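# Notes for the structure review
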Amino acid sequence: MEKKQFKAESKRLLEMMINSIYSQREVFLRELLSNASDAIDKLYYKALTDENLTFNKDDYYIKVSADKEKRQLTITDTGIGMTQAELETNLGVIAKSGSLAFKKENESKDGHDIIGQFGVGFYAAFMVADVVTVISKPIGSTEAYRWESTGTDGYTITPCEKEKVGTEIILTIKENTEEEDYGQFLEEYRLKEIIKKYSDFIRYPIKMDVTESKLKEGSTDEYEQIIEEKVINSMVPIWKKNKSELSEEDYEQFYHEKHYGFDKPLKHIHINVDGTIRYNAILYIPESIPFDYYSKEFEKGLELYSNGVLIMEKCADLLPDYFSFVKGMVDSEDLSLNISREMLQQDRQLKLIAKNINKKIKNELVSLLKNDREKYESFYKSFGRQIKFGVYSDFGANKDMLQDLLMFYSSKEKKLVTIEEYIARMSEDQKYIYYATGDSYERIDKLPQTEMVADKGYEILYLTEDIDEFAIKMLMTYKEKEFKSVSSGDLGIEDENKEDASESEVMEHKDLFDHMAKTLSGSVKTVRASKRLKSHPVCLSTEGEITIEMEKVLNAMPDNPGVKSEKILEINPNHEVFTSLLNAYEQDKEKLDLYTKLLYNQALLIEGLAIEDPVEFTNDMCKVMI
């Protein structure tokens, strides 16, 4: 019996293919089941053109059997079978695609598509088997042949006996080692688990002999073990059904069956595309945030199928980070079954699918915002933070995509509003979109800096999350309206206020403010008369890009970069405190220094900043009381 060598392939190439394409050994079964499904599909195609053949789908199946004593796993199909020449052509050359060639010759749109590429997927069997035996009898022939190989040293093909048309693949499973438990692939529970995971939606029944406990006949408490042949896979994927056939309960059931979450999905998106690229998808927007969402353990991505066969559990390339909360799956018959994670990253078809999915998610969220505000606000409370991160990240590359999804609390409406809604309510004389930052709505309400803007009747957006101001700074404008912090040095409305301090008044007290600035040297850039304060004596404002809130966020980071904003201490010249400052400047410079430090520390506390020297602060308070 002559042993033939694999054509144009070396032992090194076979080893590289197995180790690089498949990261998990269990996928060998997925590959062999896909090939078995292909074989039945080929018989269906042949029946379309051969009047002597009839194809009744109910007569065709795949059987998986395990023999622990012989350490053999057998996959049997009732498909078209292979001739001696086909065995050599399809299995003798690694990566020779019998299925792919057949598919190109027999294009069909009625749901019977060839899934895999036999030459590549078949060789995954050598990850778990010492010996691989293929016994096949082709349709229309009385002869059967046996192909056998122990790996890279070659293969043999000999005539044999086989009663029925189809193919049997017998794997002699490797012995266990300290590192690998190969025996698991002979265990009933493990085989069922792998079939459900990867091949649940293959269109033909995958059968196994299953052991079950049943009550003995005539007994109420005595059980016996019986073996029954059962179909393991579901066969018909929900995403290939017409949307009109499916109810909300069907989508919810699929969500929970796939363990996408324990909550009830807020919204589902069912996509069917049949164009230059064909794919189906069911996506879910969860109701609540996963417990590990903002941890290193969270892994984004959608399940990726190739014609109903799972090829990746978490395909991160299908979702941008800002939509990483979306759960679901994508199935495309245009993707190769035998594709590595690295190859997927370069796949043009996958990139097109990802781009389309991204647009679809955005449109569905906009629709939810317009048509079901309550649901959208529920979503936003869970995942709005991620949308804001999306605006800020990648140097604002996605801000135009996401800005219409943003919401902030309104000083007027006392609820979340969109920026577009804010713009619609702006008065004609209002130049800017005003916002204020703080730890809570209640604290922002009491900020001295909001007085002038609020008195003018302008609406203020309240920013309470650490990412908020970074996102706003990245947006810069919305529909040509610039964002402006109420703590900004120039509010754009001072000149219109009749109570503004005049330039002469500022110059008159220049010496006082210079002295105070010298006392606070290193802590503030300057001290000046405020044009924004009404009832409060003091506040801090800033100049430059870094605001006080941004300073707090950046310095709370683990590396603590020590970023400082350019602070300005503003004094209300119409407050009684200002009179005390003037008197102290004229009569007691030491008391003026005491007042200056107290006012500065008060301004820090209002902003939620730590006092630089708490002991000195308490001592200064005591001096005032004595």
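What you are looking at is a predicted structure, and each value in this text was computed from that prediction instead of being measured. (Residues numbered from 1 in each chain as written. Predicted model: local features only at pLDDT ≥ 70, side-chain atom pairs only at ≥ 80, totals over all residues. Heavy atoms only, no water.)

## A look at the pairing of strand β6 (residues 166–173)
- Counting buried residues in β6 gives 6 out of 8 residues, a clear majority hidden from the surface.
- Strand direction decides the pairing type here: strand β2 (residues 72–77) and β6, joined by 6 bridges, are antiparallel. Residue pairing in the sheet places I75 in a bridge with I169 of β6.
- Judged from the 8 bridges that link them, strand β3 (residues 129–137) and β6 form a sheet pairing that is antiparallel. Directly across from K137, in β6, lies its bridge partner G166. (Buried < 20%, exposed > 50% of the residue type's maximum accessible area, 1.4 Å probe, protein only. Helix = DSSP H or I, 4+ residues; strand = E, 2+ residues; numbered from the N terminus. Pairing = 2+ DSSP bridges.)

## With respect to empty space enclosed by the protein
- Summed over all chains, the structure comprises 3 cavities of 30 Å³ or more.
- In this model, the largest cavity occupies a volume close to 70 Å³.
- T437, G438, D439, R443, I444, L447, E549, K552, I606, E607 and G608 are the residues that line the largest cavity.
- Looking at the lining of the largest cavity, the elements with two or more residues in it are α13 (441–445), α18 (548–555) and α20 (589–607). (1 Å grid on protein atoms, 1.4 Å probe; cavity = no way out; pocket = protein on both sides within 12 Å on 5 of 7 lines; lining within 4 Å. Points joined across faces, edges and corners; volume = space filled by probe spheres on them.)

## Considerations on the confidence of the model for the protein chain
- Averaged over every residue, the pLDDT of the protein chain is 88; the share at 70 or more is 89%.
- Under a pLDDT of 50 for its full length, residues 95–100 has, in the predicted model, 16 contacts with residues more than four places off or in other chains.
- Low pLDDT, under 50, characterises residues 496–502; the stretch is placed with 12 contacts to residues that sit more than four places away or in other chains. (pLDDT = per-residue confidence, 0-100. Contact = heavy atoms within 4.5 Å.)

## Considerations on the pattern of salt bridges
- Per the counting criterion, the structure on display carries 47 salt bridges.
- The shortest N-O distance in the salt bridge between K388 and E465 comes to 2.9 Å. Within this pair, whereas K388 is found in helix α10 (residues 373–396), its partner E465 is found in the loop between β17 (460–463) and α15 (468–475), the two being separated by 77 residues in sequence.
- Since its relative accessible area comes to 5%, K388 is described here as buried.
- Exposure remark for E465: the relative accessible area of 28% places this residue in the partly exposed category.
- E566 is the partner of K525 in a salt bridge, and the nearest nitrogen-oxygen pair spans 3.6 Å. With K525 in the loop between α17 (510–519) and β20 (526–529) and E566 in strand β22 (residues 566–571), this pair connects stretches of sequence that are 41 residues apart.
- Classification of E566 as partly exposed rests on a relative accessible area of 40%.
- Counted as one network, the salt bridges with shared partners bring together K525, R528, R532, E543, E566 and E570. (Salt bridge = Lys/Arg side-chain N within 4 Å of Asp/Glu carboxyl O.)

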